[in-house]
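Secondary and tertiary structure notes
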Amino acid sequence: MGVRKIDVARCTGCSICVEYCPMDVLKMDGKSQKAFIKYLRDCQGCFLCERVCPENAVYCVPVYERRIPLPW
Amino acid sequence: MNNQEHETDVLVIGGGIAGTFAAIKAREAGAAEVVQVDKASVGRSGCSAFAAGVIQAFSPDEDDREDCFREAVIKSHFLCDQEKLEDHLDDSADRIKEMDSLGVEFVKTAQGKLQRQVGRGKFTSIMFHGGYQMMEAMRRAASRTGVKLVDRVMIVDLLTDGGRIAGAIGFNTDSGEVHEFMAKSVVLAAGRTWLKTRRPGHRNLSGDGIAAAYRAGLTLTGFDSGGVNTGPAMYDIGPGNNMYMGSGATLVNADGERFVEKYDPVLKERTELHTLSAACAIEAKRGKTPLYLDMTHIEPEKVRLMRRVIPSPMMMWERAGVLAGDRFTRKIEWVTEGPSVRGGLLVNRRYETTLPGLFACGDAMPSSGTWGQNALAGAMTSGARAGKHAAEYAREVSPPEADAEQISELKRQMLEPLLRKDGIEPDQVLLSLQEAVMPYDVWTLRSEERMSRALKEIESIWRDQVPLLKAYDPHYLRMAVEARNLALVSLLLLKSSLFRQESRETAREDYPYMDNINWLKWVTVKKEGEQISTSAVEVPLHRYKLKPEKGKDLHPIWRVAERQGIIRIEGERVKWA
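Reading guide: rules and limits
- Residues numbered from 1 in each chain as written.
- Chains lettered and ligands numbered in written order.
- Predicted model: local features only at pLDDT ≥ 70, side-chain atom pairs only at ≥ 80, totals over all residues.
- Heavy atoms only, no water.
- Helix = DSSP H or I, 4+ residues; strand = E, 2+ residues; numbered from the N terminus.
- Buried < 20%, exposed > 50% of the residue type's maximum accessible area, 1.4 Å probe, protein only.
- Contact = heavy atoms within 4.5 Å.
- Domains from an automatic or database assignment.
- Salt bridge = Lys/Arg side-chain N within 4 Å of Asp/Glu carboxyl O.
- Polar contact = N/O pair within 3.5 Å; in protein donor to acceptor, adjacent residues only side chain to side chain.
- Buried area = accessible area lost by both parts, 1.4 Å probe.
- Core = buried A, V, L, I, M, F, W, Y, C linked by side-chain atoms within 4.5 Å.
- Expected span 1.5 Å × (residues − 1).
- Pairing = 2+ DSSP bridges.

1. Focus: the overall build of chain A
Assigned secondary structure in chain A consists of 2 helices and 4 strands. Helices and strands in chain A line up, N terminus first, as β-α-β-β-α-β. Seen through its C-alpha atoms, chain A measures out along the principal axes to roughly 45 × 20 × 20 Å. Expressed as a percentage of its 72 residues, the buried residues of chain A come to 53%. Summarising the internal contacts of chain A: among those between residues at least 6 apart in sequence, 58% fall at separations of at least 24.

Next comes the structure, spelled out in structure tokens:
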């Protein structure tokens, strides 16, 4: 719950972020040959994609994408 | 859908530290072929890659072994497997040395020694430069050792051949292709379960390994143990509590009072997780929320160390505007977290389960397995041993026979959600589960009435929603399987927790005493037809070094609360003042 954008101008289509994503959230777009956010709701907010991107094309935020109940 | 068939000597399921050590050690012990499979990718999945930069690893040079042993047993309230704890203490320093030589970057002093720092608990921890760095090095080491890595294949069920393990079946989460693995022995290292609640990097921990083992008829234990933690209420940031508390973070209630020290005057916020969480929950019950974690006073030097050890969470705090340079700028609203499930397979000293050829390690074992709440340390030592024993077993047996009927039925069940046109979203099941189990007075402060109510809800989710889970594509199939596994684990949690009629790791209002006469037992669960059969086995204390006093005492949490006038005990029940 946190991957906010992949900057298409910076993305070179190396697919490292897609390879690393533990939740299969990111996929390669067949046409543009660049990574895109396919399953945003399932993002687990780990920031791994942003950390591994060699082009600084990925930006994440620490915000919940779905409602998670509070314990009280 | 196409099929891919694999044959191997040892199959390791799970790509965290336990699984990766198991795979490396199985190769080193002579297994010709070792396959390690993960639903995401080996080393970048599970909780190891998102670990909070510290390992509470015993060091023979720095720590007193007897003291460490005693502390671990006492903190487990005598549920700890003391024989495996000895093995863990024997191996701990060697595994760290090995990780160092495999390229894991530890924080070291100018003299090149491992730097230690206080964290949770009495003993110091060693630090590394974040879980991602650690697991990248371990993944490379596994590849170098000749382990065949299979990424993006989610194992759904185990295959058996008569009375022994035969392999596992799963699917590729991208292509949907079915993968059948035939293996002489299998190491299950995919056990951690987190109900996709708070905590980044922990929402792929859906108990897949333990759910598969349950369906295969294995005996599991420890689901009553009540894995708990605390974390930020509004920010999706974590983990890192060990570093926060070790660096001097304080927890205050709505009145600005530091309340944890009442329950643990020595360690204060560095107290173990059950005490910390129970203290927070009692404040909630008293109406003293919101609670806040305060790190604004932590010295810049310590903040800089935190940046090295927990780089991702620190990046997140910065982005949330809570961290600026070397200072935290404001207090953070804090809540109890969980459940973080700590149940797993019952294993012997060779880490072998009740099914010959199936081994379990890391969080696929119960937390009583070795080292209590520091899962990472226990995972590295249990993984290494399980891998070695799995290789030894594989050497002695012939390849298993494939049972075509079993494979075809498991495949049908696995792919069923893809065929459903109308059905229920995995998200819907997930939210219903969380709403039933997450309230602090269900999971952290327990009573039969509230747990039974939650169990009823989970049973209705299991009956009415789970069979209708639908999937649009292989990604959603993964989400559907995860939701089903989480529903199953929630059932195991509540059944086991209701069964333990005492307060031990977790405090119960209706059984406030810790009962060393009747409950020095491991609560076990097993599939009997369509029912969950719950039972208990005695902790074999007669074989163990440390024995508790037989007796029945008010749980330490309740003792403090009573002394503070927060509760009183009436008719052996907690009454809130």
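2. Notes on the domain arrangement of chain B
All names here are of chain B. Taken domain by domain, chain B comprises domain 1 (3–226 + 340–406), domain 2 (229–338) and domain 3 (419–576). For domain 1 and domain 3, the distance between their C-alpha centres works out to 24 Å. On the side of domain 3, 46 residues touch domain 1, which itself brings 52 residues to the contact. Where domain 1 meets domain 3, there are 6 salt bridges. A salt bridge links lysine 545 to glutamate 86; its shortest N-O distance comes to 3.0 Å. Where domain 1 meets domain 3, there are 21 residue pairs in polar contact (both at pLDDT 80 or more). Elements with a minimum of two residues in the side of domain 1 that touches domain 3: α2 (65–75), α3 (82–101), β7 (153–161), β8 (164–172), β10 (193–194), α5 (208–215), β11 (220–221) and β18 (340–341).

3. Concerning the interface of chain A and chain B
With 35 residues of chain A at the interface, the matching set in chain B holds 50 residues. Where chain A abuts chain B, roughly 3,700 Å² becomes buried across the two surfaces, and 55% of that area is made up of carbon and sulfur atoms. If you sort the residues of chain A by the area they bury against chain B, Arg51, Tyr64 and Trp72 of chain A come out on top, with a joint share of 21%. Put simply, chain A and chain B have 8 salt bridges between them. We note a salt bridge from glutamate 19 of chain A to arginine 44 of chain B, for which the minimum N-O separation is 3.9 Å. The interface formed by chain A and chain B contains 28 residue pairs in polar contact (both at pLDDT 80 or more). Only α1 (16–20), α2 (48–52) and β4 (58–60) of chain A provide two or more residues apiece to the side of chain A that touches chain B. Residue contributions to the side of chain A that touches chain B peak at 4 residues, all from α2 of chain A.

4. Details of the side chain of glutamine 406 of chain B
Structurally, glutamine 406 of chain B is set in helix α11 (residues 404–419). Reaching out from glutamine 406 of chain B, the side chain makes a polar contact with the side chain of threonine 160 of chain B at a distance of 2.8 Å.

5. Notes on the nonpolar core
Residue and element names in this part refer to chain B. In this structure, Ile17, Ile55, Met99, Leu158 and Leu345 are the most contacted members of the largest nonpolar core, which totals 108 residues. Sorting elements by how many residues they give to this core places helix α15 (residues 474–499) first, with 11 residues. Residues lining this core come from more than one domain, with at least three contributed by each of domain 1 (3–226 + 340–406) and domain 3 (419–576). For isoleucine 17, the residues in contact, after removing those within four places along its chain, are Ser48, Met99, Met134, Met135, Met138, Leu376, Ala379 and Met380. Ranked by size, the runner-up nonpolar core spans 67 residues in total, among them Val107, Met245, Val322 and Val574.

6. Considering the pattern of salt bridges
Residue and element names in this part refer to chain B. Across all of its chains, the model carries 68 salt bridges over all chains by this definition. Linking arginine 203 and aspartate 236 is a salt bridge whose minimum nitrogen-to-oxygen distance equals 2.5 Å. Placement of the pair is arginine 203 in the loop between β10 and α5 and aspartate 236 in the loop between β12 (229–232) and α6 (241–246), with a sequence separation of 33 residues. Arginine 203 gets classed as buried once you look at its relative accessible area, which sits at 2%. Looking at aspartate 236, the relative accessible area reads 0%, which means it is buried. Several salt bridges share partner residues, and in doing so they unite Lys25, Glu28, Asp87, Asp91, Arg95, Glu98, Arg349 and Arg385 into one network.

7. Re helix α4 (residues 131–145) of chain B
Helix length check: α4 of chain B, at 15 residues, gives a terminal C-alpha distance of 21 Å against a target of 21 Å (1.5 Å per residue), a fit within 8%. Buried residues of α4 of chain B: Gly131, Gln133, Met134, Met135, Glu136, Ala137, Met138, Arg139, Ala141 and Ala142 of chain B, and no others. Packing partners of the buried residues in α4 of chain B comprise α1 of chain A together with α1 (17–28), β2 (34–37), α3, β6 (148–150) and α10 (375–396) of chain B. Count one or two residues on from α4 of chain B and you reach glycine 146 of chain B, which has phi positive near 95°.

8. Description of the environment of serine 125 of chain B
Residues and elements named next belong to chain B. Position of serine 125 relative to the elements: it lies in strand β5 (residues 124–127). Judged by its relative accessible area of 1%, serine 125 is buried. When the C-alpha positions of serine 125 and arginine 342 are compared, they lie 21 Å apart, and in sequence the two are 217 residues distant. Not counting residues within four places of it along the chain, the set of residues in contact with serine 125 comprises Val54, Ile55, Gln56, Gln115, Arg116 and Gln117.

9. Quick word on the sheet that holds β5 of chain B
All names here are of chain B. Reading across from one edge, β3-β5-β4 is the order of the 3 strands in this open sheet, with antiparallel pairing throughout. Each edge of the open sheet is held by one strand with a lone partner, namely β3 (54–55) and β4 (116–118). Here β4 runs beside β5; their pairing, made up of 3 bridges, is antiparallel. Counterpart to arginine 116 in the pairing with β5 is isoleucine 126.

10. Focus on the sheet that holds strand β24 (residues 521–528) of chain B
Residue and element names in this part refer to chain B. One open sheet accounts for 4 strands, arranged β19-β11-β24-β25; its pairing is antiparallel. Edge positions in the sheet fall to β19 (344–345) and β25 (531–538), since each has one partner strand and no second. The sheet contact formed by β11 and β24 spans 2 bridges and is antiparallel. By the bridge assignment for β24, leucine 220 is matched with valine 525.

11. Notes on unusual backbone geometry
Excluding glycine, a negative phi dihedral is what most residues carry, and trans is how most peptide bonds are arranged. Residue and element names in this part refer to chain B. Residue proline 290 is reached from threonine 289 by a cis peptide bond, and omega for that bond is 0°. Locating proline 290 in the fold gives a position in the loop between α7 (273–285) and β14 (291–294). Along the chain, glycine 338 connects to proline 339 via a cis peptide bond; the corresponding omega equals 0°. Its place among the elements puts proline 339 in the loop between β17 (332–337) and β18. For arginine 152, which is not a glycine, the phi torsion comes out positive at approximately 60°. For arginine 152, a relative accessible area of 13% puts it in the buried group. In the Ramachandran plot, tyrosine 351 falls in the positive-phi region, its phi being about 65° despite a non-glycine side chain. The residue tyrosine 351 is located in the loop between β19 and β20 (358–360) in this model. According to the relative accessible area criterion, tyrosine 351 is buried, its value standing at 1%.

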